[in-house]
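# Chains, contacts and geometry: an overview
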Amino acid sequence: MTAAACLVAAPAIAAAAAQAAPVTPAGGLPRAAGPQHYVALGDSFSAGVGTLDTRAEAACYRSPLGFPGLIGEQYGWSVDDQSCSGATATDVVLDQIGTLTRGTDAVSVTVGGNDVGFAPVMTVCALPSWLGDCGAAVRSSVALARTVLPSRLTVLYSMIRIKAPRATVVAAGYPALLGPRDCDPVTFFSADDITRVNAAVDVVDGVIQDRAELAGVRFVDVRPAFRGHASCDAVPWITNLTWPLRDSFHPNRAGHQAYAATVGPALSRTDGQRIVMPLPGRATSGNTNGPGLTAAQLRQLPALADLLVEPKNVARAQRAGIPVATVHRLEKGCLLYTSDAADE
């Protein structure tokens, strides 16, 4: 599942996008009257986990009570919900974006938490301090956010732009998960644990925003909307430890309504903001590469490029609707990026 993570070369991906379609604003073209084709991508935060919906689809736990369904109902859009609990950014590329077309009007995506191991972190941090090292777990997660996640998101956002060049594309972040105190008798979050976990969420959101803006994708920060509504707050929009366990530390039904109220206006372009997609060949030197492109990672890129074109991964790309020629073009872009970086 790490094959696509090597595609960190923004110029190569942008060039592929330029060959696929003309450069257009990330806000998309003027919409025609009538229902819109809205595709929801991502992880459990899109799928509706946390709503405790017994009707949720078994494999991915998708629920109509998740925010994509609420947005579709609010705006009268046709919703194609591809989100899946447990999905990483690479899973979205390989298993979800095949449904995107040039006719897609709107795309939302929440992803990144599984790439950095949010679920294991919450499990460790909920234990008594003598049974788990929360600090070490969070440090490991933050390291993944800074080293692994950026390149994966670059691939994902760029491929969405290739597959749906006319769509409004919105990447939503994550809210703070824990309130200022632990109110659950069966969890053991200390004040330091709470601070660490929420700070890690901030790091992940920062990476999502950075990668989204470089790809010409709208970033929606949900943290302000959720302020004062974390788990154990007076009016929580995030679940605490609950049953089924998969619904723990996710937006509850009110939380998904808050997501819909925040993401919906960005998708419908009623919030008055627009971002222009970067032109092909945008410079990738200096800080525009963002976190994660360390010297050690650069040395690993050739091997990761080889993984990209392994037959099983090429087959998965084809199932996702990505042409073989595009896979090889992006592989070459990855190798060219390695060469360019070595010359800097």
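So, here's what we can say about the structure. (Residues numbered from 1 in each chain as written. Predicted model: local features only at pLDDT ≥ 70, side-chain atom pairs only at ≥ 80, totals over all residues. Heavy atoms only, no water.)

With parallel pairing, five strands are arranged side by side in an open sheet as β2-β1-β3-β4-β5. This sheet does not close on itself; its edge strands, each paired only once, are β2 (78-81) and β5 (218-220). Averaged over all adjacent pairs, the angle separating strand axes in this sheet is 20 degrees, with direction ignored. When strand β4 (residues 168-172) meets β5, the two strands line up parallel, connected through three bridges. (Pairing = 2+ DSSP bridges. Helix = DSSP H or I, 4+ residues; strand = E, 2+ residues; numbered from the N terminus. Axes fitted to C-alpha atoms, helices over the stretch in contact; angles between N-to-C directions.)

With that out of the way, let us pick up the pattern of salt bridges. What the rule picks out here adds up to seven salt bridges. For Asp193, the salt bridge is made with Arg196, and the minimal N-O distance between the two is 3.0 Å. Of this pair, Asp193 and Arg196 both sit in helix α8 (residues 191-215), three residues apart, which is roughly one turn of that helix. With relative accessibility at 8%, the residue Asp193 sits in the buried group. With its nearest N and O atoms 2.9 Å apart, the salt bridge here joins Arg223 to Asp221. Linked through salt bridges whose partners overlap, the residues forming this network are Asp202, Asp205, Asp221 and Arg223. (Salt bridge = Lys/Arg side-chain N within 4 Å of Asp/Glu carboxyl O. Buried < 20%, exposed > 50% of the residue type's maximum accessible area, 1.4 Å probe, protein only.)

We now examine the packing of aromatic side chains. Using the criterion set out here, one finds nine aromatic pairs in the structure. Ring centres of Phe189 and Phe249 lie 5.7 Å apart, and the angle between their planes is 85 degrees; this geometry places the pair in the edge-to-face category. One end of the pair, Phe189, is in the loop between β4 and α8; the other, Phe249, is in the loop between α9 (223-226) and α10 (253-268), and 60 residues separate them in sequence. Among the aromatic residues, those joined into a ring-pair cluster are Phe45, Phe67, Phe118, Tyr174, Phe226, Trp237 and Tyr259. (Phe/Tyr/Trp six-rings, centres within 6.5 Å; stacked < 30°, edge-to-face > 60°.)

Time to look at the side chain of Ser231. In this fold, Ser231 is placed in the loop between α9 and α10. The buried category is assigned to Ser231, whose relative accessible area is 2%. Residues contacting Ser231, with those up to four places away along its chain left out, are Leu177, Leu178, Gly179, Pro236, Ile238, Thr239, Asn240 and Phe249. (Contact = heavy atoms within 4.5 Å.)

Once that is clear, we can look at the nonpolar core. Grouped together as the largest cluster of nonpolar side chains are 73 residues, with contacts concentrated most on Leu41, Ile97, Leu156, Tyr157, Ile160, Tyr259 and Val263. Beyond its immediate chain neighbours, meaning those up to four positions away, Leu156 contacts Ala89, Val92, Val93, Ile97, Val109 and Val111. (Core = buried A, V, L, I, M, F, W, Y, C linked by side-chain atoms within 4.5 Å.)

Across the junction of Trp243 and Pro244, the peptide omega takes the value 0 degrees, indicating a cis bond. In this structure, Pro244 sits in the loop between α9 and α10. The backbone of Tyr61 shows a phi angle near 60 degrees, a positive value even though the residue is not glycine. Within the secondary structure, Tyr61 sits in the loop between α2 (44-47) and α3 (67-75).

Its 16 residues give α10 an end-to-end C-alpha distance of 22 Å, which sits within 8% of 22 Å, the value for a rise of 1.5 Å per residue. Taken residue by residue, α10 has Gly255, His256, Ala258, Tyr259, Ala260, Val263, Gly264, Ala266, Leu267 and Ser268 as its buried positions. Taken from the residues just after α10, Arg269 is the one with a positive phi, measuring 60 degrees. (Expected span 1.5 Å × (residues − 1).)

Here is the idea: a disulfide is a covalent bond, and it sits between the sulfur atoms of two cysteines. Taken as a whole and judged by the stated rule, the model has three disulfides. Through a disulfide, Cys60 is tied to Cys84; the S-S separation comes to 2.0 Å. Here Cys60 and Cys84 share a disulfide; its torsion about the S-S bond, -80 degrees, makes the bridge left-handed. Of this pair, Cys60 sits in the loop between α2 and α3 while Cys84 sits in the loop between β2 and α4 (89-95), and the two are 24 residues apart along the sequence. Overall, the relative accessible area of 11% leaves Cys60 in the buried class. Judged by relative accessible area, Cys84 falls into the buried class, the value being 17%. Note that Cys125 is cross-linked by a disulfide to Cys134, the S-S spacing being 2.0 Å. The S-S bond linking Cys125 to Cys134 shows a torsion near 85 degrees; that makes this disulfide right-handed. One exposure class covers both Cys125 and Cys134, and it is buried. (Disulfide = S-S within 2.5 Å.)

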